[in-house]
Each structure stands twice: as C-alpha cells, then as structure tokens.
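Here are the chains, one letter per residue:
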Amino acid sequence: MQRALLLARRGLGRVEPNPMVGCVLVKSGRVVGEGWHRRFGGPHAEPNALAAAGPRARGATAYVTLEPCCHHGKTPPCTDALIAAGVARVVVAVRDPNPLVAGKGLRQLRRAGIAVEVGLLGDEAAALLAPFITFQKHHRPYVILKWAQSIDGRIATRSGDSKWITSADSRRAAHALRARVDAILVGVDTIRADDPALTARGVPVRRTALRVVMDSCLRTPPSAKIVRTAGTTPTLICTTEAGWARRSNRLQLERAGCEVICLRSTSGDRTQPMLVSPAAILRELHRRQMTNVLVEGGGRVLGSFLDAGLADEACIFVAPQLIGGEQAPGPLRGRGPRNMRELPALAAVKVRRLGDDLCYNVVFRRASL
Ligand code: AOF
Ligand code: ZN
C-alpha cells in the first residue's frame, strides 16, 4: 500500500478534479503489476495495473489507495475490470467519498466473492486525498495559504518592499506549488504593491492556474502585469456591488481580457473593512471544478480565510532576516483570535530546510471521510 501511495502521488497536479490513485497487484509475495491514474480523463489506476499484470492478475491481491469505482464515467467501472481479471482479494486504503461510489464499489466486489479489506494506511491515503475529499464532501476547493516572511514575522519592509525575503531555493519551491494548483489568489493591494505575474516559472508546469484577485472596489490598475497578460494567462477579478458599479474600470479590465464577476461581500465593521466573501469565491471556484487554491496574500486576504475557517493548509517560508519596524506588515491581519485557546488547531506539522530558510507546512484539520 505504501508503494501504491507513492505511485498515486505521481498524478499530483495532473489528475484533478479526479483523485490521485495508485494500485499494486501482488501474487505469492511478488509484485506482478502496478499502475496509477496518470492524467485527468485517462484510465484509472486499477486498469493500468491490470494491464501491466496481464494473466498474472488471476488470484492476486490488489492494493488500491481508493475504493474502486463502480460507475460508468469517462471510463468503465474498475470493479468490473477487477472481477473479470479474477483478482482474489482487494485491500483498500479509504472509501470513495464520491456519492456515485461511496461503498457501492466495495459491495460489488464482495458480492462477486472477492475478499475485501478497508483501512490499511487509511490516514496516509486520506491526507494525500484531502483536496479530493474536501471537493467532494464540502463542495469547495482545498485552500493552501502561502507566504514568505522574515524571522521576525514581517512580509515586507515599511515601504512595502519584499523582493526578496527568502532564498532562491525557497522561491523555487513556491513556484512548484503554483505549478500544480488550479487557482492563485491575491488581494488587490498585493497587485498594486508588488505587481506580481502569478505564474509558475523555472519549474515543470503541471497545469496553468487561474489568477484570481480579491478586489472589492475594483482598484486593479489596467497597467498591472496580470491585466496586460490576461490574453495568454486567464485572470479573474472578483469584486462586490461597490466595484461592479464602477463601470468604466470594469470595461477597461474586460477589454484587456480579464473576467470580472460580482460576488457577495463580508459585512465589515468598525475594525474590519468590507471584503469580497472568501466563501463566495470558493463557491465560484468549485463551480469551475477547481480542487486546489493557493492564497498568496497579502495579510488581509490571508487573515480573511483564516478568520472564516476556510484554510486547510499553510506553507510558510521563513528566512533568517530581521526586518523589524512598527510599520512593516505581518502575514496575517483580519480579526484574529482573542485568546490562545481559539487558535486554529494543527493536525500535522512538517518542517523542511531549504538552505538557511525553513519551510513550515501545517495542516489545519485532517480530511475526514
Ligand atoms: C480516477 N482515477 O484511478 C480512480 C477513480 O470521471 P471518471 O469516469 O474518470 O471517474 C472519476 C471518479 O472515479 C472519481 O471521482 C472517483 O470517485 C472514482 N475513482 N477516479 O479519476 C482513479 N480509481
Ligand atoms: Zn475506477
């Protein structure tokens, strides 16, 4: 199953919104075939493994990271393929949350006389499939917050300069993240301060992310890089009634090739400005079949997702630099918790060293089935 999980991961960034799945066929203690889901719309992991095994699949055990499907989708049911190949036993890591399958795949296999076990390395498989599970069960994309900060917790100097806080290695890792997500989201203040391209550069690109701007009052300048390149890389500007009313701004952005949409806003009050609703943005991205969103800042945008309980994971690059200064911004604004006991719980923490930088990967909650 460990091997099957490793194979499954090869589909990262290529199979979404479908799940990463791996399958290993074992007979008399030997691997006789393996396969994984390679790309969206292509054959599932199981038929790939069965094809590799050929007649040796008869009487074998299949280790599959996800419950085999039993529906006619883009491909015929994998349950039928496993039964037809004469597989004797199927070991599954997690059930499929997709309502088209959801336990029916396991039942079909059992009814055909195949021994079925569920749960081997279930936590590992659920962690790998967290975006797919979130998409299926919560009808929204998986949200990864990302920022780079100095060791004293600043994301820019007091003038807003942030090029560069982290090392070239860290920035490359950040580009690798961009290269596998469906959308990259920033606030309009980040567009105005940094004028980022929001594209993945210097890394193998698995998919091109939609660039999304949270811009409640439609202040994105037509001269911004993301606007000037909207013809070649898609750009979506999310605004509210207030921004939508600024008709000439909107037409100018639309003429440049940006898509502008009007969404619900957060309420806002004395302490918090009104923003485009993070939940409304996620609903829209889910409607577009997007599984992973990378939220890159600034502090207000990152804080709004955390405040709303809509952050699943954070990738934080920390560089040994001291910026300091009362006016230098931190990564998380928004309301924030009043007490320590209200801090978001962390389900898993990983720390990676990139030269002298550290990359913290924190998962806020385990995806549950
Ligand atoms: C995959 N790859 O290896 C497995 C999947 O749209 P379809 O016909 O490709 O079916 C997608 C569904 O099939 C998916 O949501 C999941 O429930 C199930 N299993 N999907 O793309 C695979 N095993
Ligand atoms: Zn299948």
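Look up: the structure comes first, before these words.
What counts and how
Residues numbered from 1 in each chain as written. Chains lettered and ligands numbered in written order. Predicted model: local features only at pLDDT ≥ 70, side-chain atom pairs only at ≥ 80, totals over all residues. Heavy atoms only, no water. Buried < 20%, exposed > 50% of the residue type's maximum accessible area, 1.4 Å probe, protein only. Helix = DSSP H or I, 4+ residues; strand = E, 2+ residues; numbered from the N terminus. Pairing = 2+ DSSP bridges. Donors = N, O, S within 2.8 Å, 3.2 Å for Na, K, Ca; no water. Near = heavy atom within 4 Å. Polar contact = N/O pair within 3.5 Å; in protein donor to acceptor, adjacent residues only side chain to side chain. Areas by Shrake-Rupley, 256 points an atom, 1.4 Å probe, with all protein chains shown as cover. Nonpolar A, V, L, I, M, F, W, Y, C, P; charged D, E, K, R; others polar.

(A) Structural context of the pairing of strand S12 (residues 313–319). Most of S12 sits out of view: seven of its seven residues are buried. Going residue by residue along S12, you find Glu313, Cys315, Phe317 and Ala319 tucked away on one face and Ala314, Ile316 and Val318 tucked away on the opposite face as well. Of the strand pairs in this sheet, strand S6 (residues 142–150) and S12 are connected by seven bridges, and their pairing is parallel. Following the sheet pairing, Gln149 is matched in S12 by Val318. As paired strands, S12 and strand S14 (residues 357–363) are joined by six bridges and run antiparallel to one another. Pairing of Cys315 across the sheet is with Asn361, part of S14.

(B) Representation of the coordination of the zinc ion (ligand 2) within the structure. Ligation of the zinc ion (ligand 2) by protein atoms is provided by His44 (ND1), Cys69 (SG) and Cys78 (SG), these donors lying 2.0 to 2.2 Å from the ion. All donor residues of the zinc ion (ligand 2) come from one chain, and their arrangement in sequence is H-x24-C-x8-C. In this pair, His44 is assigned in the loop between strand S2 (30–36) and helix H2 (45–53) and Cys69 in the loop between strand S3 (61–66) and helix H3 (78–84), connecting sequence segments 25 residues apart.

(C) Main features of the site of ligand 1. Surrounding ligand 1, one finds 16 residues, the nearest of these being His37, His44, Ala45, Lys74 and Asp96. Measuring from an oxygen atom of ligand 1, one finds a side-chain N or O atom of His37 at 2.9 Å. Asp96 places a polar side-chain atom, nitrogen or oxygen, 2.3 Å from an oxygen atom of ligand 1. In the complex, 96% of the free accessible area of ligand 1, which totals 480 Å², lies under the protein chains. Of the residues assigned to the shell around ligand 1, the class counts are six nonpolar, seven polar and three charged.

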